[in-house]
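# Observations on the three-dimensional arrangement
Listed below, chain by chain, are the residues.
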Amino acid sequence: SHMKYLIGANFKMYKSHKDLQEYFDQFVNNYACFVNIDLMIAPMTVCLGTASEMTKDSCVHLGAQNMHYEDQGAYTGETSPLILKELGAEYVIIGHSERRQYFGETNQMINKKLKSALQHGIRPILCIGENLEQKELGISKETLKIQLREALQGIDTLDQIDVAYEPVRAIGTGKSATPEEVQDIHEYIRSVLGNEKSRIIYGGSVNDTNADILIAQPAVNGFLIGSASLDPQKFLKILDVVSKKNK
Ligand code: PGA
């Protein structure tokens, strides 16, 4: 197929404006646009506006790490999809495991967020993943299927959504899932989605040494990267590895 890889950087609650300036000084200058990659960087939401300025002449697409599903209202502390658009976000990460774990996000909330993002033309990256207990119980696939079914309920435009498979045990632990596990789960997710155009990307301790073997798996359409994306040199190495693959 002619699908472009999606490589996403999730900066989480790291990087001040000054850090971002240093990052993009190194990164954008060194970054040659790769024809086979869509590159997305998600800084803290309050930094999106400045990040837009810093990346305006580059191939970097910006994303948000979360959003509310309403356009406006009495939702103290939340962020409207309308303002994300104004600030230059083209993507939004929805349902990251840290949002589910620490902020009580449910599949039902995620479903509303996905619908809202689609309605506003912000491309959602839906994060799903089983935890260690579910894996040990042998219910990884059932868990993922429920997450997908509930998150995608009532949505018939799946082509505008990308899915990130992030096994919870692999996030921020340095212990990536094995290439075989990733291939197997991605094939399963593809069969549940039943479409061709959504990119199914892997996240969880992707770094500059395992990126090569992971991207070599035919069902892996890109990565969502936390820790290793914070260092521009490491991140560039990963992009370089992916740029040499063809799918
Ligand atoms: P990690 O994070 O690369 O540090 O494991 C991935 C993520 O949380 O998306």
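For the structure, check the block above.
Here is a short report on the structure shown in this document. (Residues numbered from 1 in each chain as written. Predicted model: local features only at pLDDT ≥ 70, side-chain atom pairs only at ≥ 80, totals over all residues. Heavy atoms only, no water.)

Looking only at helices and strands, one finds 10 helices and 8 strands in the protein. Over its C-alpha atoms the protein spans a radius of gyration of 17 Å, differing by no more than 12% from the 18 Å that the globule rule assigns to 247 residues. Classification of the 247 residues of the protein by burial places 52% in the buried group. By sequence separation, contacts in the protein at least 24 residues apart represent 73% of the contacts at least 6 residues apart. Taking the average place of the 26 positive charges on the side chains of the protein and the average place of its 31 negative ones, the gap between the two points comes to 2 Å. (Helix = DSSP H or I, 4+ residues; strand = E, 2+ residues; numbered from the N terminus. Rg over C-alpha atoms; globule rule 2.2 N^0.38 Å. Buried < 20%, exposed > 50% of the residue type's maximum accessible area, 1.4 Å probe, protein only. Contact = heavy atoms within 4.5 Å. Lys, Arg positive; Asp, Glu negative; His and termini not counted. Charge placed at Lys NZ, Arg CZ, Asp CG, Glu CD.)

Turning our attention to the pairing of strand β7 (residues 200-203). Burial along β7 is two-sided: the face carrying Ile200 and Tyr202 and the face carrying Ile201 and Gly203 are both buried. Direction of pairing for strand β6 (residues 162-165) relative to β7: parallel, over a ladder of 3 bridges. Note on β7: the bridge partner recorded for Ala164 is Ile201. (Pairing = 2+ DSSP bridges.)

Enumeration according to the criterion identifies 16 salt bridges in this entry. Among the salt bridges present, the one from Lys4 reaches Asp38, with a minimum N-O distance of 3.4 Å. In this pair, Lys4 sits in the segment before β1 (5-10) while Asp38 sits in strand β2 (residues 37-42), placing the two residues 34 residues apart along the sequence. For Lys4, a relative accessible area of 36% corresponds to the partly exposed category. The partner of Asp162 in a salt bridge is Arg123, with the nearest N and O atoms 2.7 Å apart. Of the two residues, Asp162 sits in strand β6 while Arg123 sits in strand β5 (residues 123-128), which places them 39 residues apart along the sequence. You'll find Asp162 and Arg123 in the same group, each marked buried. The network of salt bridges with shared partners includes Lys4, Asp38, Arg123, Asp162 and Arg199. (Salt bridge = Lys/Arg side-chain N within 4 Å of Asp/Glu carboxyl O.)

Attention shifts here to the site of the ligand. The local shell around the ligand holds 13 residues, among which Lys12, His96, Glu166, Gly172 and Ser227 are the closest. Residue Gly226 places a main-chain N or O atom 2.8 Å away from an oxygen atom belonging to the ligand. Relative to its unbound accessible area of 280 Å², the ligand is 99% covered by the protein chains. Classifying every residue of the shell around the ligand by side-chain character gives 4 nonpolar, 7 polar and 2 charged. (Near = heavy atom within 4 Å. Polar contact = N/O pair within 3.5 Å; in protein donor to acceptor, adjacent residues only side chain to side chain. Areas by Shrake-Rupley, 256 points an atom, 1.4 Å probe, with all protein chains shown as cover. Nonpolar A, V, L, I, M, F, W, Y, C, P; charged D, E, K, R; others polar.)

Along its 12 residues, helix α7 (residues 140-151) runs 16 Å from first to last C-alpha, staying within 8% of the 16 Å computed at 1.5 Å per residue. Looking at α7, one finds that the buried residues are Ser140, Thr143, Leu144, Gln147, Leu148 and Ala151. Along the axis of α7, the buried positions cluster into a sector of 130°, meaning they face one direction only. Next to the buried residues of α7 lie α4 (97-103), α5 (107-119), β5, α6 (132-136), β6 and α8 (179-193). (Expected span 1.5 Å × (residues − 1). Arc of directions from axis to C-beta.)

Tallying each qualifying case throughout the model produces 5 aromatic pairs. Seen from their ring centres, Phe11 and Tyr23 are 5.0 Å apart, and the 75° between their planes marks the pair as edge-to-face. A residue pair is termed long-range when its members are at least 10 positions apart, and Phe11 in the loop between β1 and α1 (17-30) and Tyr23 in helix α1 qualify at 12 residues. Overall, Tyr23 belongs to the buried group, its relative accessible area being 2%. On the numbers, 6.3 Å between centres and 55° between planes, the contact of Tyr165 with Tyr202 is tilted. One end of the pair, Tyr165, is in strand β6; the other, Tyr202, is in strand β7, and 37 residues separate them in sequence. (Phe/Tyr/Trp six-rings, centres within 6.5 Å; stacked < 30°, edge-to-face > 60°.)

What makes a disulfide is a covalent bond joining the sulfur atoms belonging to two cysteines. The final tally for this structure, using the stated rule, is 1 disulfide. In this model Cys33 forms its disulfide with Cys59; the gap between the sulfur atoms is 1.4 Å. Note that Cys33 is positioned in the loop between α1 and β2 and Cys59 in the loop between α2 (48-54) and β3 (61-64), a separation of 26 residues in sequence. We classify Cys33 as partly exposed; its relative accessible area is 47%. Residue classification places Cys59 among the partly exposed residues on the basis of a relative accessible area of 23%. The cysteine Cys127 is free of any disulfide, with Cys47 supplying the nearest cysteine sulfur at 20 Å. Overall, Cys127 belongs to the buried group, its relative accessible area being 1%. (Disulfide = S-S within 2.5 Å.)

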